[in-house]
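What follows is each chain in one-letter form.
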Amino acid sequence: MWPRKSALELRVEKLMERVDQARGDHVRLVPVLEEYLRLAEAHEDDPDEFFDTGAWSETLADSYLAVGRVD
């Protein structure tokens, strides 16, 4: 039997689904990535967590540029 996914894993999966749906639409992608990175930051001390903040931070920076945000 497969182990059940944690609530955090399910939340990350839903965020990744939203990332896939927003692909190419930076206006929709920015808030999803911001939410993902906030979630990662909230769990940065959890030893078993699996966030890829480097890659998604870079994608967020590219999306900020695409929508004209330079803050």
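So, a few notes on the structure that sits alongside this text. (Residues numbered from 1 in each chain as written. Predicted model: local features only at pLDDT ≥ 70, side-chain atom pairs only at ≥ 80, totals over all residues. Heavy atoms only, no water.)

## A short note on the packing of helix 1 (residues 7–22) against helix 2 (residues 26–42)
Formally: To obtain each axis, a line is fitted to C-alpha atoms, and for helices this fit is confined to the stretch in contact; angles are then taken between N-to-C directions over 0 to 180 degrees. Strands are runs of DSSP state E lasting at least two residues, helices are runs of H or I lasting at least four, and both sets are numbered from the N terminus onward. Oblique is the label for any angle not covered by the other classes, which are roughly parallel (under 35 degrees), roughly antiparallel (over 145) and roughly perpendicular (65 to 115). Rotating anticlockwise by less than a right angle from the far helix to the near helix defines a left-handed crossing, while the corresponding clockwise rotation defines a right-handed one. Whether two residues touch is decided by their heavy atoms; if any such pair falls within 4.5 Å, the residues are in contact. For this classification, Asp, Glu, Lys and Arg are treated as charged, while Ala, Val, Leu, Ile, Met, Phe, Trp, Tyr, Cys and Pro are nonpolar and the rest, including Gly, are polar.
Where helix 1 contacts helix 2, the axes come no closer than 9 Å and their chain directions differ by 160°. Judged on the interaxial angle alone, helix 2 and helix 1 are roughly antiparallel. Judged by the sense of rotation from one axis to the other, the crossing of helix 1 with helix 2 is left-handed. Across the interface between the two elements, Leu8, Arg11, Val12, Leu15, Met16, Arg18, Val19, Gln21 and Ala22 from helix 1 touch Arg28, Leu29, Val32, Leu33, Glu35, Tyr36 and Leu39 from helix 2. Its residues assigned to classes, the contact of helix 1 with helix 2 shows 11 nonpolar, 1 polar and 4 charged.

## Points about the nonpolar core
Nonpolar side chains tend to gather and get buried jointly when the protein is soluble and globular. Going by this rule: Only buried Ala, Val, Leu, Ile, Met, Phe, Trp, Tyr and Cys residues count toward a nonpolar core, and they belong to the same one when joined by side-chain atoms within 4.5 Å. Buried residues are those whose accessible area, probed at 1.4 Å on protein chains only, stays under 20% of the maximum for their type, while exposed residues exceed 50% and partly exposed ones sit between those limits.
Membership of the largest hydrophobic core comes to 17 residues, with the highest contact counts inside it found for Tyr36 and Phe51. Breaking this core down by element, the ones donating at least two residues are helix 1, helix 2 and helix 3 (53–66). For this core, the element with the most residues is helix 2, which contributes 8 residues. Once residues lying within four places of it in the same chain are set aside, the contact partners of Phe51 are Leu8, Val12, Tyr36, Leu39, Ala40 and His43.

Fair warning: the whole summary comes from geometry, so function is off the table for now.
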